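Per-entry structural report
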Protein chains: 4
Amino acid sequence: MIEHTTTVQVRWGDVDAAGIVFYPRFFEWYDWGSEALFASLELAWPEAFPKYAIVGVPIVESGSRFVSPARYGDVLTIRSRVAWVRAKTFRMEHEISVGSRLCATGFEVRAWIARPEAPGAPLHATPIPDDVVKRLTGA
Amino acid sequence: MIEHTTTVQVRWGDVDAAGIVFYPRFFEWYDWGSEALFASLELAWPEAFPKYAIVGVPIVESGSRFVSPARYGDVLTIRSRVAWVRAKTFRMEHEISVGSRLCATGFEVRAWIARPEAPGAPLHATPIPDDVVKRLTGA
Amino acid sequence: MIEHTTTVQVRWGDVDAAGIVFYPRFFEWYDWGSEALFASLELAWPEAFPKYAIVGVPIVESGSRFVSPARYGDVLTIRSRVAWVRAKTFRMEHEISVGSRLCATGFEVRAWIARPEAPGAPLHATPIPDDVVKRLTGA
Amino acid sequence: MIEHTTTVQVRWGDVDAAGIVFYPRFFEWYDWGSEALFASLELAWPEAFPKYAIVGVPIVESGSRFVSPARYGDVLTIRSRVAWVRAKTFRMEHEISVGSRLCATGFEVRAWIARPEAPGAPLHATPIPDDVVKRLTGA
């Protein structure tokens, strides 16, 4: 199974008045975990999106459980893995922890969305190319 | 059932390079929908949190399905409702749409968390006061 | 002089652990003030940028003085005006206050940047069209 | 002169629909540059703020010139230095570049603000302690 680990430090602007992380930040970090995993597979988004003529890999569904708070100054470990790859979609799973303490687990189902023919035209998922599937599955 | 509707406009800084909303923004809007619903019940967070000696109503679990994209300039309608209230937690459900087109549905399970005795001390959920339960349930 | 006033409420995610607004948010509000002023002149960015074949009106220089803090729950008034318009650039000035209390004053010098011939090509300022100048100056 | 260099990668959520960085992000990076410089002096904010009984080092004034765009995927170098230290305030100066190409220069004047006696009480600057001055000036 393809996995990747990256770290991020909780910044001053990430926490709310209660001193704990504002929860949408966790989804930014899941996004960042996915981006970092792709980069580790030589599929860095800035190059891969134009190369494969896609607008990106937008989210179809996402969710998270929050187990313990992350606070200002914490160094977070983001562990990301590819849970499955289907014809036009794939699922990422993420764990965020501070040292050995788990803060949150989350997932993202993402679709491979073709660049539309004209700006603003409807977006459609398109088959994930074989070479990308191979990298994402480690096959 | 207690419901509240608010609107928000998609700003330049909310969209990504594909011209569609960066998905963690939806969770910011769910948070905003919850905040607006509380304010409509005379439970505005800036006053209610100190009054009830809580740090806030942090997220235990959250999730979202994304049905169609929101784009720069769209005016979003956020419909929020209280799905249930238990002893120490409650569930919010949200729908975000542009006109009649649904963009996303999401939920948040939140806990009523007492202010800790010392800064940085562990956080614990505490029973939601009766008068708050009544307002949230419309009882 | 062309002026426009809009309001925005300080949200939970806008404040830091000290309970006061994280300062980059003020620049997001200046951006929003500029966007709202343009919209009030029938130059809403989502329509105007494609119509005039520009990538947008990126910032050349910006600055702000912070006079008093904005806090969670404050309703901010953003007063924006067009200070001057030159051939390819213009200057916006903004005041943000809570009731009669001034929080911050800021400015933005922005350029009228043509859409590049190819993605990633260098960006160049181009003359602001006469009809836009007229709207921005009220001439 | 005390200096510190850190790096940050431009993420998907940092860029706008034009594919270039949304300008308030630069101020988030200046903030981050200041935070990293303090940490390099054993004045990491999460420990230093409680230790010195301050709410933080809020901004009095800030400004930036934007020379060339930063784009999605760019790795930014943030060079930060302490320009001067006065009784209750200090000035940070920052340069952000991609390789040898300068993107932006900015500054922050920050104040040493005592923790208020009661929540919501007015905030006042207080003298920067000698040992902090020594670290910031390298004296």
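Higher on the page you've got the structure.
Just so you know, these numbers come straight off a predicted model, no measurement behind them. (Residues numbered from 1 in each chain as written. Chains lettered and ligands numbered in written order. Predicted model: local features only at pLDDT ≥ 70, side-chain atom pairs only at ≥ 80, totals over all residues. Heavy atoms only, no water.)

Side note on the overall build of chain A
Stated formally: Only DSSP runs of H or I covering at least 4 residues are called helices, and only runs of E covering at least 2 are called strands; the numbering of each starts at the N terminus. Just to be clear, the radius of gyration here is over C-alpha atoms, and the globule rule we use is 2.2 Å times residues to the power 0.38. Throughout, exposure labels follow a simple rule: accessible area from a 1.4 Å probe, protein chains only, divided by the maximum for the residue type, with under 20% read as buried, over 50% as exposed, and the rest as partly exposed.
For chain A, the count of helices and strands is 3 helices and 7 strands. Taking 2.2 N^0.38 as the reference for a compact globule, 139 residues should give roughly 14 Å; the C-alpha atoms of chain A span a radius of gyration of 16 Å, in line with that estimate. Across its three principal directions, the C-alpha atoms of chain A cover 45 × 35 × 25 Å. When each of the 139 residues of chain A is scored for burial, the buried share is 52%.

Examining the interface of chain B and chain C
How big an interface is tends to be reported as the loss of accessible area on association of its parts. Counted only if it meets this: By the convention used here, residues are in contact when the closest approach between their heavy atoms is within 4.5 Å. Put simply, buried area is how much 1.4 Å-probe accessible surface two parts lose in total, over both of them, once they are put together. The salt bridge definition used is simple: a Lys or Arg side-chain nitrogen within 4 Å of an Asp or Glu carboxyl oxygen. Pairing of N or O atoms within 3.5 Å defines a polar contact, subject to two protein rules: one partner must be a possible hydrogen donor and the other a possible acceptor, and residues neighboring in sequence count only if both atoms are side-chain atoms.
Taken together, the contact between chain B and chain C spans 15 residues of the former and 15 residues of the latter. Together chain B and chain C conceal approximately 1,300 Å² of surface at their shared face, both sides included; 59% is due to carbon and sulfur atoms. Of all residues in chain B, the largest losses of buried area upon contact with chain C belong to B:Arg11, B:Trp12 and B:Tyr72, amounting jointly to 45% of the total for that side. Our count for the contact surface shared by chain B and chain C stands at 0 salt bridges. The interface formed by chain B and chain C holds 2 residue pairs in polar contact (both at pLDDT 80 or more) in total. Here the side of chain B that touches chain C gets 4 residues from one element, more than from any other, and that element is helix 1 (residues 24-40) of chain B.

Quick look at the relation of the copies chain B and chain A
Cut-off, in case you're wondering: Alignment of copies: least-squares fit on C-alpha atoms of residues with pLDDT of at least 70 in both copies.
In screw terms, the move from chain B to chain A is a rotation of 180° and a rise of 0.0 Å along the axis, fitting with an RMSD of 0.0 Å. Interpreted geometrically, this transformation is the action of a two-fold axis. Among all residues of chain B, the minimum C-alpha distance to the rotation axis is found for B:Gly63, at 1.9 Å. In this assembly, 100% of the residues forming the interface of chain B have copies in chain A that are likewise at the interface, indicating an isologous arrangement.

Description of the pattern of salt bridges
For the coordinates displayed, the defined rule picks out 40 salt bridges over all chains. Here A:Glu42 ties to A:Arg135 by a salt bridge, and the two come within 3.9 Å at their closest N and O atoms. Taken together, the residues A:Glu42 in the loop between helix 1 (24-40) and helix 2 (45-51) and A:Arg135 in helix 3 (residues 130-137) connect sequence positions 93 residues apart. Note on A:Arg135: relative accessible area 31%, which makes it partly exposed. For the salt bridge of B:Glu108 with B:Arg110, the shortest nitrogen-to-oxygen distance reads 2.8 Å. On the basis of relative accessibility, which here comes to 0%, the residue B:Glu108 falls in the buried class. With relative accessibility at 3%, the residue B:Arg110 sits in the buried group. Residues joined by salt bridges that share partners form a network here, namely A:Asp14, A:Arg25, A:Glu28, B:Asp14, B:Arg25 and B:Glu28.

What about the pairing of strand 3 (residues 59-66) of chain C?
Spelled out, the test is: Two strands are counted as paired when DSSP detects at least two bridges linking them.
Inspection of the sheet shows strand 3 of chain C paired to strand 6 (residues 101-111) of chain C by 7 bridges, in the antiparallel sense. Opposite C:Glu61, over in strand 6 of chain C, you have C:Val109 as the bridge partner.

A word on the packing of helix 1 (residues 24-40) of chain C against helix 1 (residues 24-40) of chain D
Helix-helix packing: each pair is described by the crossing angle between the helix axes and the interaxial distance. Condition: For helices, the fitted line uses only the C-alpha atoms of the stretch in contact; every axis is such a line through C-alpha atoms, and the angle between N-to-C directions lies from 0 to 180 degrees. The scheme is simple: roughly parallel for angles under 35 degrees, roughly antiparallel for over 145, roughly perpendicular for 65 to 115, oblique for anything else. Residues are grouped as follows: Ala, Val, Leu, Ile, Met, Phe, Trp, Tyr, Cys and Pro are nonpolar; Asp, Glu, Lys and Arg are charged; every other residue, Gly included, is polar.
Contact geometry for helix 1 of chain C and helix 1 of chain D: axes closest at 8 Å, N-to-C directions at 170°. Considered as vectors, helix 1 of chain C and helix 1 of chain D are oriented roughly antiparallel to each other. Side by side, helix 1 of chain C and helix 1 of chain D meet where C:Pro24, C:Arg25, C:Phe27 and C:Glu28 of the first sit next to D:Pro24, D:Arg25, D:Phe27 and D:Glu28 of the second. A per-class count over the contact of helix 1 of chain C with helix 1 of chain D returns 4 nonpolar, no polar and 4 charged.

Section: the side chain of D:Thr77
All names here are of chain D. In this fold, Thr77 is placed in strand 4 (residues 75-85). Its relative accessible area of 16% is what places Thr77 among the buried residues. The residues contacting Thr77, other than those within four sequence positions of it, are Thr5, Thr6, Thr7, Glu95, Ile96 and Ser97.

Regarding helix 1 of chain C
Residue and element names in this part refer to chain C. Rule in force here: Residue count minus one, scaled by 1.5 Å, sets the expected span of a helix.
In this model helix 1 runs 25 Å from its N-terminal to its C-terminal C-alpha over 17 residues, within 8% of the 24 Å that 1.5 Å per residue would give. Counting buried positions along helix 1 yields 14 of 17 residues, so the element is predominantly enclosed. Just beyond helix 1, the residue with positive phi is Glu42, at close to 60°.

Re the packing of aromatic side chains
Residue and element names in this part refer to chain B. Convention followed: Two rings from Phe, Tyr or Trp (for Trp, the six-membered ring) form a pair when their centres sit within 6.5 Å of each other. Planes less than 30 degrees apart are called stacked, planes more than 60 degrees apart edge-to-face, and all others tilted.
Scanning all chains against the criterion turns up 58 aromatic pairs over all chains. Taking 5.9 Å as the distance between ring centres and 80° as the angle between the ring planes, the aromatic pair formed by Tyr23 and Phe66 counts as edge-to-face. Here Tyr23, found in the loop between strand 1 (3-9) and helix 1, pairs with Phe66, found in strand 3 (residues 59-66); they are 43 residues apart in sequence, far enough to count as distant. Each member of the pair, Tyr23 as well as Phe66, is classed as buried. On the numbers, 5.3 Å between centres and 25° between planes, the contact of Trp45 with Phe49 is stacked.

What about the sheet that holds strand 3 (residues 59-66) of chain D?
Strands sit in the order 1(C)-4(C)-5(C)-6(C)-3(C)-3(D)-6(D)-5(D)-4(D)-1(D) across an open sheet of 10 strands; the sheet is antiparallel. Of all the strands in the sheet, just strand 1 (3-9) of chain C together with strand 1 (3-9) of chain D have a single pairing partner and so form its edges. Going across the sheet, the axis of each strand differs from the next one's by a mean of 15°, ignoring polarity. Where strand 5 (residues 89-98) of chain C meets strand 6 of chain C, 10 bridges bridge the pair, whose relative direction is antiparallel.

Some thoughts on the relation of the copies chain B and chain C
Mapping chain B onto chain C calls for a screw motion: a turn of 180° about the axis and a shift of 0.0 Å along it, with 0.0 Å RMSD after fitting. Most of the interface of chain B is mirrored in chain C, where 100% of its interface residues are also at the interface.

Some words on the environment of C:Val55
All names here are of chain C. If you trace the backbone, Val55 turns up in strand 2 (residues 54-56). When its relative accessible area of 13% is taken as the criterion, Val55 is described as buried. Put simply, Val55 and His124 are 69 residues apart on the chain and 10.0 Å apart in space, counted from C-alpha to C-alpha.

Quick notes on the sheet that holds strand 1 of chain B
As summarised here, the arrangement of the 10 strands in space is 1(A)-4(A)-5(A)-6(A)-3(A)-3(B)-6(B)-5(B)-4(B)-1(B), forming an open sheet in which the pairing is antiparallel. Because the sheet does not close on itself, it has two edges, and the strands there are strand 1 (3-9) of chain A together with strand 1 of chain B. Direction aside, the axes of adjacent strands within the sheet are offset by 15° on average. Here helix 1 of chain A sits on the sheet and contacts strand 1, strand 3 (59-66), strand 4 (75-85), strand 5 (89-98) and strand 6 (101-111) of chain A together with strand 3 of chain B; the angle it forms with strand 6 of chain A, its principal contact strand, is near 65°.

Here we look at the interface of chain B and chain A
Taken together, the contact between chain B and chain A spans 27 residues of the former and 27 residues of the latter. Both faces considered, chain B and chain A share a buried interface measuring about 2,100 Å² in area, 60% of it formed by carbon and sulfur atoms. Contact with chain A buries surface across chain B, with B:Tyr23, B:Phe27 and B:Phe66 losing the most and accounting together for 24% of the total. The interface formed by chain B and chain A holds 4 salt bridges in total. In this structure, the salt-bridge partner of A:Arg25 is B:Glu28, at a minimum N-O distance of 3.5 Å. Connecting chain B to chain A are 9 residue pairs in polar contact (both at pLDDT 80 or more). Elements that contribute at least two residues to the side of chain B that touches chain A include exactly helix 1, strand 3 and strand 6 (101-111) of chain B. Residue composition of the side of chain B that touches chain A, by class: 15 nonpolar, 4 polar and 8 charged. Relative to strand 3 of chain B, strand 3 of chain A runs antiparallel, the two sharing 5 bridges.

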